[in-house]
Amino acid sequence: MNRRVAVLSDIHGVLPALEAVLAEPDVQAADRIVLTGDIAAGPLPVETLDLLDSLGERALWISGNADRELVQAEPPADPVSAWAAGRLRPEQTRRLASLPAVAELDIDGLGRVLFCHATPRDDEEIVLVDSRAARWAEVMAGVGQEIGTVVCGHTHMPYARIAHGRMIVNPGSVGMPYGRPGAHWALLGPGVELRRTPYDYAAATARIAAESAFPDAAEWADTYVHARDSAEDAVAVFGPLDGRGA
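Residues numbered from 1 in each chain as written. Predicted model: local features only at pLDDT ≥ 70, side-chain atom pairs only at ≥ 80, totals over all residues. Heavy atoms only, no water.

## Here's the deal with the sheet that holds strand β6 (residues 147–151)
Filter applied, for reference: Strands pair, by our definition, only if DSSP identifies at least two bridges between them. Going along the chain from the N terminus, every DSSP run of H or I of four or more residues is numbered as a helix, and every run of E of two or more is numbered as a strand. For helices, the axis comes from a line fit to the C-alpha atoms of the stretch in contact; other axes are also lines fit to C-alpha atoms, and the angle between any two N-to-C directions lies between 0 and 180 degrees.
Taken in spatial order, the 5 strands line up as β4-β5-β6-β8-β7 in an open sheet, and their pairing is mixed. If you trace the sheet from one side to the other, it starts and ends with β4 (103–107) and β7 (159–163), each paired once. With direction set aside, neighbouring strand axes in the sheet form an average angle of 25°. In this sheet, strand β8 (residues 166–170) lies alongside β6 in parallel orientation, the contact comprising 3 bridges. Pairing of valine 151 across the sheet is with valine 169, part of β8.

Given below as structure tokens:
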């Protein structure tokens, strides 16, 4: 049984944000660190993977859609992902290709917890805090009764809610938050805590622009490190994709 587990999702190769979270005392003290996908698709992919690799067996890695796209034969459509795919070392590509889609842990106070990227059955499906009850029943249909909590990422907006008797947790995004800047993550056990780690956004943006060879690194970092996209903008884009109104 794990006493406390830190969950980091959607890092997207934003090394300064990851460093800020890993420096948090509660992350350093956690029994496990779960990475719920979209780890390296961003401006500092190699460095991000190297830092996470240094965590050793404490880290439990799960694949996200962006990780899958980095290692597929066809180049990703997203410009920063296509660039990042060409930067990875062969062993990093192999590691991302071998990651599981889901994983489970026993956590004090929560019991059996299932971790995934978007939903337990698909790494790109959209569910939001206000998704309708039928949608939650649909995407959780294959989850065993022993699972009392499901942790998912993908939409970059943190929330915790109950759906059909289960706790659903989205830790938000470490590297590409929507709504407000900061590295968002979650701490599990014995309850659920949504956390946000502030850091020096101007310095991080300048560092990414200086250290990344991605041609549009400065503009990319300014947009995502400073969370220029609001939560309302994100919901306007994602909302129709959860089947609402269908």
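## So, the pairing of β7
For a regular strand, the rule is simple: side chains alternate between the two faces of the sheet. What counts, and what does not: When accessible area is computed with a 1.4 Å probe and restricted to protein chains, residues below 20% of their type maximum are described as buried, those above 50% as exposed, and intermediate ones as partly exposed.
Here β7 shows a buried face lined by Tyr159, Arg161 and Ala163 and an unburied face lined by Ala160 and Ile162. Following β7, the chain reverses through 2 residues before pairing antiparallel with β8; histidine 164 in that reversal takes a positive phi of roughly 55°.

## What to know about the nonpolar core
If you look at soluble globular proteins, the nonpolar side chains tend to sit buried side by side. Filter applied, for reference: To define a nonpolar core, start from buried Ala, Val, Leu, Ile, Met, Phe, Trp, Tyr and Cys residues and group those joined through side-chain atoms within 4.5 Å. By definition in these notes, contact holds between two residues if any of their heavy atoms fall within 4.5 Å.
Membership of the largest hydrophobic core comes to 53 residues, with the highest contact counts inside it found for Leu8 and Tyr199. Per-element tally for this core: the top contributor is helix α1 (residues 15–22), with 6 residues. When near neighbours in sequence (up to four residues on either side) are disregarded, leucine 8 contacts Leu18, Val21, Leu22, Ile33, Val34, Leu35, Thr36, Val174 and Trp185. Core analysis: the second largest hydrophobic core is formed by 15 residues, Val5, Val7, Val34 and Val113 among them.

## Re the packing of helix α8 (residues 201–211) against helix α9 (residues 217–225)
How we decide: We call two directions roughly parallel when the angle between them is under 35 degrees, roughly antiparallel when it is over 145, roughly perpendicular when it lies between 65 and 115, and oblique otherwise. Working rule for handedness: look at the near helix, and if it is turned counterclockwise from the far one by less than a right angle, call the crossing left-handed; if clockwise, right-handed. Polarity classes work like this: nonpolar for Ala, Val, Leu, Ile, Met, Phe, Trp, Tyr, Cys and Pro, charged for Asp, Glu, Lys and Arg, and polar for all others, with Gly in that last group.
Between α8 and α9, whose axes approach to 8 Å, the crossing angle comes to 155°. Considered as vectors, α8 and α9 are oriented roughly antiparallel to each other. Relative to α9, the crossing made by α8 is right-handed. Counted together, Tyr201, Ala204, Thr205, Ile208 and Ala209 of α8 and Ala217, Ala218, Ala221, Asp222 and Val225 of α9 form the full contact between these two elements. Residue composition of the contact of α8 with α9, grouped by class: 8 nonpolar, 1 polar and 1 charged.

## Digging into the pattern of salt bridges
Using the following cut-off: By definition here, a salt bridge exists when the distance from a side-chain nitrogen of Lys or Arg to a carboxyl oxygen of Asp or Glu is within 4 Å.
Across all of its chains, the model carries 18 salt bridges by this definition. The partner of aspartate 50 in a salt bridge is arginine 89, and the shortest N-O contact between them spans 2.7 Å. Placement of aspartate 50 in helix α3 (residues 45–53) and of arginine 89 in the loop between α5 (79–85) and α6 (90–97) is noted, with a sequence separation of 39 residues between them. Classification of aspartate 50 as partly exposed rests on a relative accessible area of 34%. Residue classification places arginine 89 among the partly exposed residues on the basis of a relative accessible area of 31%. Across the pair glutamate 125 and arginine 121 runs a salt bridge whose closest N-O atoms are separated by 2.8 Å.

In short, the description is geometric, and any link to function would need to be established separately.
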